[in-house]
Amino acid sequence: MEVKKHKGSEEMSNNEGVIYRISGPVVTATGIDARMYEVVRVGHEKLMGEVIEIHGEQSVIQVYEDTSGIRPGEPVFSTGQTLSVQLGPGLLTQIYDGIQRPLQTLEEVMGVFITRGVDADGLDLEKKWEFEATASVGDEVSGGQVIGTVQETDTITHKIMVPPKASGKIKSLESGEFNVTQTVCTLDDGTEIQMMQEWPVRHPRPFNQKYAPDTPLVTGMRILDFLFPLAKGGAAGIPGPFGSGKTVTQQSLAKYSDAQIVVYIGCGERGNEMTEVLDEFPHLIDPNTGKPLMNRTVMIANTSNMPVAAREASVYTGITIAEYFRDQGYDVALMADSTSRWAEAMREISSRLEEMPGEEGYPAYLSSRLAEFYERAGRVETLNGDDGSVTVIGAVSPPGGDISEPVSQGTLRIVKVFWGLDAGLARQRHFPAINWLNSYSLYPQSLNQWFRDNIASDFPEVRTEISALLKVEAELQEIVQLVGSDALPMDQQLTLEVARMIRVYFLQQNGFDPVDAYSGVEQQYAMARAILTFQEEAKKAMAAGAVLEDVVNVPARIELMRARFAEGYLEKIEGLVEEMVNQIGNSVEAQ
Amino acid sequence: MTSKEYKTITDIKGPLVFLEKTEPVAYGEIVTIRLSDGSTKNGQVLDTSDDMVVVQVFEGTEGIDRRAGVKFLGDVFKLPVSKGLVGRILDGAGRPRDGGPDIVADEKADIIGAAINPYSRQSPHDFIQTGVSAIDCCTTLVRGQKLPIFSASGLPHNDIALQIARQAKLKDSDEEFIVVFCAMGITAEEYNFFRADLERTGALENAVLFVNLADDPAVERLITPRLALTAAEYLAFEHDYHVLVIYTDMTNYCDSLRQIGAAREEVPGRRGYPGYMYTDLAMLYERAGIVKGKKGSITQFPILTMPGDDITHPIPDLSGYITEGQIVISRELHQAGIYPPINVLPSLSRLMGGCIGEETTRDDHKKISDQMYAAYAQGRELRGLVAIVGEDALNERDLQYLKFSDIFEDKFVRQGRDEDRTIDGTLNLCWELLANIDTKYLERLDDELISKYHPNEKKE
């Protein structure tokens, strides 16, 4: 039943030990001379594991598969390698488990239930790709430089790079059909370069330098792009209790954000949800390229009941793949849903190791691991001299929705964007249920120039006005709770109506509506302007004697709000606003 | 495998027995312990090494002394399964409890169960009509879903679960579910109630019961749901049955988990529950769904009682993160004499979107359920305001919503214990009740639906 795994130089070395102790996913072995984070094979079934602690003669191993039935005395083999992923053409459209085994291959070998002891290559080693050389014989190349390309999917050209540690003069290089293990290039020092390279997942891939982000990641979600924008190369956290729409938000981002590559990690979440993504994505069209979304997507699914150690690894597997595409000069967005499950996997392993716990039983190194992970985001100059980025968006599932817990706090200390989901809003069916009062983004300063240049010169000012209105509304609502809205003066009642318009028309967005689900930044700006125009005109009209109710109920305003569900809305806004202004003007004359 | 008996017990602590100097023992291996009075107990290996083996004893360690003999059976825990399970009552460790013969096994299935490959799953999309309006309209149950009932002590969750078990069927179909019922630490009285009801309706013939009562060993409770799910998987995926698994009460299960954790001196997580409780619960809840190429399905209906009615308690909280929604039972409604006291506001069905609409239920289902929900939510909110400022401060629109919230509870949520409403009946009832609100305030309904269904606006 065993599918032989290639994994480069993984000959079993002579280094063999025996199992001393088994406690759940943690196995202790003696007589093995392993390095930290080295991959080892455990027991007669050769289950995959990783060394996570060394005590004198004993090596402590976390095993990525179920350990039931394994006995002390069974052999343990060291491999001399650290946990690595295979990188090369064939990554896109794949769905992997936490240690880069394609789930489709696992199904072919094991059937519908995931059993153990099966290895599978991350890439299809047989498939031939059309390799086109872009460098020439005689060129001096070094690690990270592009020597050729493969058209991997309709939209993505996969760039073949010199592995980070190699360099020299190209001795031979040929275009043609190759599989990923065949040599396409040799260097004068004899180094052979294949299309596939391996990289240890716990090790960030190298780059020349990090830049400050200056371009927004456009997500098509109004509340995010307009009020709390995220930069390409930035990091965002989305904490929220269950049922507040974390997964729906993450999936929307995976669908509509203008990244060129999306890596989606389902880490310790529901099986049926991953299936839904798998069913849906091949049929969805990327609004930015018009091609199926799947063409730019790599998925990693380690559901809640799959082995906990592989869940711990899944996040690293995902970010390493993301970095690999970044190195090709792409803008990559990585969604991790949910980082709390990852943290819990760390807690579980840590408690099996009987480590001294930090807060709430989490290991003391929790916050540094979180920081290391989010620090792998960034906009960089690649080794090839291109511009590439990895944007990380991590969902957090705080117990009881209380974000004072360690995972939320550890995340918030690192990320610059906080999109706080709110159970109360979800309960009112206000989606996306992102709370506009406590969410924040620290990027507007660095992104304002982009918005001024590309959308409108007064974009930041309009944003400030909109968010100021929402703040004022929150204060007024407190008074309304006590005395009712009729007791407020007219101008404040108008402010409440305008804020209501912001909430219902602008902030609410139906992720399941084919048109409303995606809103371009230009349209967002036009909608925000329309709201401010309404406020101005209403003020004028009321000063001239119009009644608030008449002003609010002018048909053109209702139409303006409703029309956002129809195709071609952006073109219609101007006309509808003009109509609204006229009708508000008429409501004065009607008096 | 070795059937050597060891008399090397060193420590006995809570439900755990510690032994030394054994042959290599497998992790998860099954153990029998022979006491000095000749009786035996069963257990499972929790930790194994060359020097020390830790065994968790299902029946509790009462009566075990250091002279007791321990045998390792060389295998992990397995349940004998066959079609003969249907109609049987078994105890919490899988032994007959109904006085019948042992189960003749077609095969033996590992009770831990393997994870379903997400790639091999099929998205659930078949609407299950439960006949309960509040569920069918607002938190629709889908075949293959795991939808827990979040309840609390003193509330009629058992009646609701039974009513659903009795009435659940696909729309326009007589196809019945096999019910797998799993009791964990409930009282004999509750158990008798379940059993009598299943007998009364004849459902017992199509059911398998696994019963661990309050005075049965607490540690055994960790096995009981795994046995039930193993039976369910066998019936669903080997014999094409549609299986409805009801387990009650998850809170007792989690308390047993905590007990083991404490005995092993593990570092506790929140409220003393072990840090791996999320993973452990997921290993149960995730054993629901539909698999490509198999006709059967598993739908789960776990019941849990929220300690102190607190939905942020770790048990409901972790469950909510794994399950595909929840049905929340409200003490307030119960005290107001409404049955079933389902509070639709915090209730949710995550899979609902994919299974309602023209082809499965009716074209108005999505919008009318949104409208019912929104109107009720507004009415409830206004109740709070009225308590402060009085009804006089409300405008016409708000008054109508306020009145509607009472009608909603009285006519829509309230129904008889044997009242089985069809989905058409439920949706028509929605329209009838919404007629109490002026049409211009029904913002979530479009003109087309209104002219098709609204009792006062309908164009025949």
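Residues numbered from 1 in each chain as written. Chains lettered and ligands numbered in written order. Predicted model: local features only at pLDDT ≥ 70, side-chain atom pairs only at ≥ 80, totals over all residues. Heavy atoms only, no water.

Engineer: So what's going on with the overall build of chain A? Which residues, and what values?
Structural biologist: Scanning chain A from terminus to terminus reveals 16 helices and 27 strands. The C-alpha radius of gyration computed for chain A amounts to 27 Å, which stays within 12% of the reference 25 Å derived for 591 residues, consistent with globular compactness. For chain A, the spread of C-alpha atoms along the principal axes amounts to about 95 × 55 × 40 Å. Contacts in chain A between residues at least 24 apart in sequence constitute 70% of all its contacts with a sequence separation of at least 6. For chain A, the exposed surface amounts to about 21500 Å²; the carbon and sulfur share of it is 48%. If you average the places of the 50 positive and of the 84 negative side-chain charges in chain A, the two averages end up 2 Å apart. (Helix = DSSP H or I, 4+ residues; strand = E, 2+ residues; numbered from the N terminus. Rg over C-alpha atoms; globule rule 2.2 N^0.38 Å. Contact = heavy atoms within 4.5 Å. Areas by Shrake-Rupley, 256 points an atom, 1.4 Å probe, with all protein chains shown as cover. Lys, Arg positive; Asp, Glu negative; His and termini not counted. Charge placed at Lys NZ, Arg CZ, Asp CG, Glu CD.)

Engineer: If you had to explain a negative patch on the surface to someone new, which residues and values would you point to?
Structural biologist: A contiguous patch of negative charge, built from A:D139, A:E140, A:D188 and A:D189, is present on the exposed surface. What makes A:E140 exposed here is its relative accessible area of 58%. (Patch = residues over 30% accessible without salt bridge, like charges linked within 9 Å, V, L, I, M, F, W, Y side chains within 5 Å. Salt bridge = Lys/Arg side-chain N within 4 Å of Asp/Glu carboxyl O. Buried < 20%, exposed > 50% of the residue type's maximum accessible area, 1.4 Å probe, protein only.)

Engineer: Residues and numbers for the packing of helix α6 (residues 339-352) of chain A against helix α7 (residues 366-374) of chain A, please.
Structural biologist: All names here are of chain A. Axis separation between α6 and α7 bottoms out at 11 Å; the angle between their running directions is 135°. As summarised for this structure, α6 and α7 are arranged oblique, according to the angle between their axes. Note on packing geometry: the crossing formed by α6 with α7 is right-handed. Together, T339, W342, A343 and M346 of α6 and L366, R369, L370, F373 and Y374 of α7 make up the contact between the two elements. A breakdown of the residues in the contact of α6 with α7 according to their chemical character gives seven nonpolar, one polar and one charged. (Axes fitted to C-alpha atoms, helices over the stretch in contact; angles between N-to-C directions. Parallel < 35°, antiparallel > 145°, perpendicular 65-115°, else oblique. Left-handed = near helix turned anticlockwise from the far one by under 90°. Nonpolar A, V, L, I, M, F, W, Y, C, P; charged D, E, K, R; others polar.)

Engineer: Could you give an account of the sheet that holds strand β13 (residues 157-161) of chain A, naming the residues involved and the relevant values?
Structural biologist: Residue and element names in this part refer to chain A. Pairing within the open sheet is antiparallel, and its four strands lie in the order β13-β12-β10-β15. The two strands at the open ends of the sheet, each matched to only one other strand, are β13 and β15 (176-178). Taken over all neighbouring pairs, the strand axes of this sheet differ in orientation by 40° on average, direction set aside. Judged from the three bridges that link them, strand β10 (residues 129-133) and strand β12 (residues 146-151) form a sheet pairing that is antiparallel. Note on β12: the bridge partner recorded for F131 is V150. (Pairing = 2+ DSSP bridges.)

Engineer: Can you lay out the interface of chain B and chain A for me, pointing to particular residues and giving the numbers?
Structural biologist: Across the contact, 63 residues belong to chain B and 64 residues belong to chain A. Summed over both partners, the interface of chain B with chain A comes to about 5500 Å²; 53% of that surface belongs to carbon and sulfur atoms. Its largest share of buried area at the contact with chain A, chain B owes to B:Y27, B:Y119 and B:Y321, together 15% of the area lost on that side. Across the contact surface, chain B and chain A share two salt bridges. (Buried area = accessible area lost by both parts, 1.4 Å probe.)

Engineer: Can you explain the sheet that holds strand β15 (residues 149-151) of chain B? Please cite residues and give values.
Structural biologist: Residue and element names in this part refer to chain B. A sheet is described by the order of its strands in space; here eight strands give the open sequence β9-β18-β17-β19-β21-β15-β22-β23, paired in mixed fashion. If you trace the sheet from one side to the other, it starts and ends with β9 (89-91) and β23 (342-349), each paired once. Sheet twist, expressed as the average angle between the axes of neighbouring strands with direction ignored, equals 15°. As paired elements, β15 and strand β22 (residues 325-329) share two bridges and run parallel to each other. The residue of β22 that forms the bridge with I149 is I327.

Engineer: Give a description of the pairing of β13(A) that names residues and reports values.
Structural biologist: Residues and elements named next belong to chain A. Pairing geometry for β12 and β13, over five bridges, is antiparallel. Bridge pairing links T149 to K159 in β13. Here β12 hands over to β13 after five residues, the two strands then running antiparallel side by side.

Engineer: Give a description of the packing of aromatic side chains that names residues and reports values.
Structural biologist: Going through the model one piece at a time under the given rule, you end up with 23 aromatic pairs over all chains. Look at B:F193 and B:F194: their rings are 6.2 Å apart centre to centre, the planes differ by 70°, and that puts the pair in the edge-to-face class. Grouped by ring-pair contacts, the aromatic residues A:F226, A:W450, A:F451, A:F459, A:F506 and A:Y525 constitute a single cluster. Lying across the ring of B:Y278, A:R341 places its NZ or CZ 3.8 Å from the centre. (Phe/Tyr/Trp six-rings, centres within 6.5 Å; stacked < 30°, edge-to-face > 60°. Lys NZ or Arg CZ within 6 Å of the ring centre and 35° of its normal.)

Engineer: Describe helix α7 (residues 314-322) of chain B, naming the residues involved and giving the relevant values.
Structural biologist: Among the nine residues of α7(B), nine are classified as buried, and the element is accordingly described as predominantly covered. Here the buried face of α7(B) lies against α3 (246-256) and α6 of chain A together with β15, α5 (250-263), α6 (277-285) and β21 (297-305) of chain B.

Engineer: Help me get a handle on a nonpolar patch on the surface, residues and values and all.
Structural biologist: Residue and element names in this part refer to chain A. Residues I479, L482 and V483 make up a contiguous nonpolar surface patch of roughly 270 Å² in combined accessible area. Counting through the fold element by element, I479 comes out in helix α11 (residues 459-483). Assessed through its relative accessible area of 40%, I479 is described here as partly exposed.

Engineer: Go over the nonpolar core, please, and point to the residues and values.
Structural biologist: Residues and elements named next belong to chain A. One finds I393, W419, I466, Y505, F534 and L560 to be the most contacted residues of the largest nonpolar core, which totals 89 residues. It is helix α13 (residues 521-543) that provides the largest number of residues to this core, a total of 12 residues. Two domains each donate at least three residues to this core, and these are domain 3 (209-442) and domain 4 (459-589). (Core = buried A, V, L, I, M, F, W, Y, C linked by side-chain atoms within 4.5 Å. Domains from an automatic or database assignment.)

Engineer: So, the pairing of strand β21 (residues 261-267) of chain A: which residues are in play, and what are the values?
Structural biologist: Within a regular beta strand, the side chains point alternately toward one face of the sheet and then the other, so they alternate between its two faces. Residue and element names in this part refer to chain A. Most of β21 is tucked away: seven of the seven residues are buried. Neither face of β21 is exposed, since I261, V263, I265 and C267 on one face and V262, Y264 and G266 on the opposite face are all buried. Both β21 and strand β23 (residues 331-337) contribute to a ladder of six bridges, which runs parallel. Its bridge partner being in β23, I265 is matched across the sheet by A336. Both β21 and strand β22 (residues 297-302) contribute to a ladder of six bridges, which runs parallel. In the sheet register, Y264 faces β22, and the bridge partner there is M299. Between the parallel elements β21 and β22, the chain passes through helix α4 (residues 271-280) in a crossover that is right-handed. (Right-handed = clockwise from strand over helix to strand, strands pointing away.)

Engineer: Quick rundown of the environment of A:E140? Include the residues and the values.
Structural biologist: Note that A:E140 resides in strand β11 (residues 140-142). Residues A:E140 and A:S167, 27 residues apart in the sequence, show an inter-C-alpha distance of 7.7 Å.

Engineer: Break down the packing of α5(B) against α6(B) for me, with residues and values.
Structural biologist: All names here are of chain B. For the pair α5 and α6, interaxial distance at closest approach is 11 Å and the crossing angle is 135°. Viewed along their axes, α5 and α6 adopt a mutual orientation that is oblique. At the point where α5 passes α6, the crossing takes the right-handed sense. Contacts between α5 and α6 involve M250, Y253, C254 and L257 from the first element and M277, D280, L281, L284 and Y285 from the second. Among the residues making up the contact of α5 with α6, the classes are represented as eight nonpolar, no polar and one charged.

Engineer: Help me get a handle on the environment of B:L155, residues and values and all.
Structural biologist: All names here are of chain B. With respect to the helices, strands and loops of the structure, L155 is situated in the loop between β15 and α2 (157-167). Overall, the relative accessible area of 7% leaves L155 in the buried class. For the pair L155 and P340, spaced 185 residues apart in the sequence, the C-alpha separation amounts to 9.6 Å.

Engineer: Any details on the pattern of salt bridges? Residues and values, ideally.
Structural biologist: Residue and element names in this part refer to chain B. Within this structure, the stated rule accounts for 72 salt bridges over all chains. Close ionic contact of R34 with E5 constitutes a salt bridge, the shortest N to O distance being 2.7 Å. Separated by 29 residues along the polypeptide, R34 in strand β4 (residues 29-34) and E5 in strand β1 (residues 5-6) bring together distant segments of the chain. Looking at R34, the relative accessible area reads 36%, which means it is partly exposed. Put simply, R121 and E286 hold a salt bridge, and the shortest N to O gap is 3.1 Å. Of this pair, R121 sits in strand β12 (residues 121-122) while E286 sits in the loop between α6 and β20 (290-291), placing them 165 residues apart in sequence. Assessed through its relative accessible area of 2%, R121 is described here as buried.

Engineer: How would you sum up empty space enclosed by the protein? Please name residues and give values.
Structural biologist: Counted by the stated rule, this structure contains seven cavities of 30 Å³ or more. Its boundaries defined by the atoms lining it, the largest cavity holds a volume of some 170 Å³. Together, 18 residues line the largest cavity, and A:E344, A:R347, A:P399, B:R270 and B:L318 are the ones closest to its centre. Every element with two or more residues in the lining of the largest cavity is listed here: α6 of chain A together with α7 of chain B. (1 Å grid on protein atoms, 1.4 Å probe; cavity = no way out; pocket = protein on both sides within 12 Å on 5 of 7 lines; lining within 4 Å. Points joined across faces, edges and corners; volume = space filled by probe spheres on them.)

Engineer: Can you explain unusual backbone geometry? Please cite residues and give values.
Structural biologist: Both trends apply: most residues other than glycine have a negative phi, and most peptide bonds are in trans. With an omega of 10°, the peptide bond between A:D337 and A:S338 qualifies as cis. Inspection of the secondary structure assignment puts A:S338 in the loop between β23 and α6. Omega for the peptide link from B:Y339 to B:P340 comes to -10°, which places this bond in the cis form. Within the element layout of this structure, B:P340 appears in the loop between α8 (331-335) and β23. You will see that A:E360, though not glycine, has its phi angle at about 50°, which is positive. In this structure, B:E265 takes a positive phi of about 55° despite not being glycine. Structurally, B:E265 is set in the loop between α5 and α6.

Function cannot be read off these values alone, since they describe shape.
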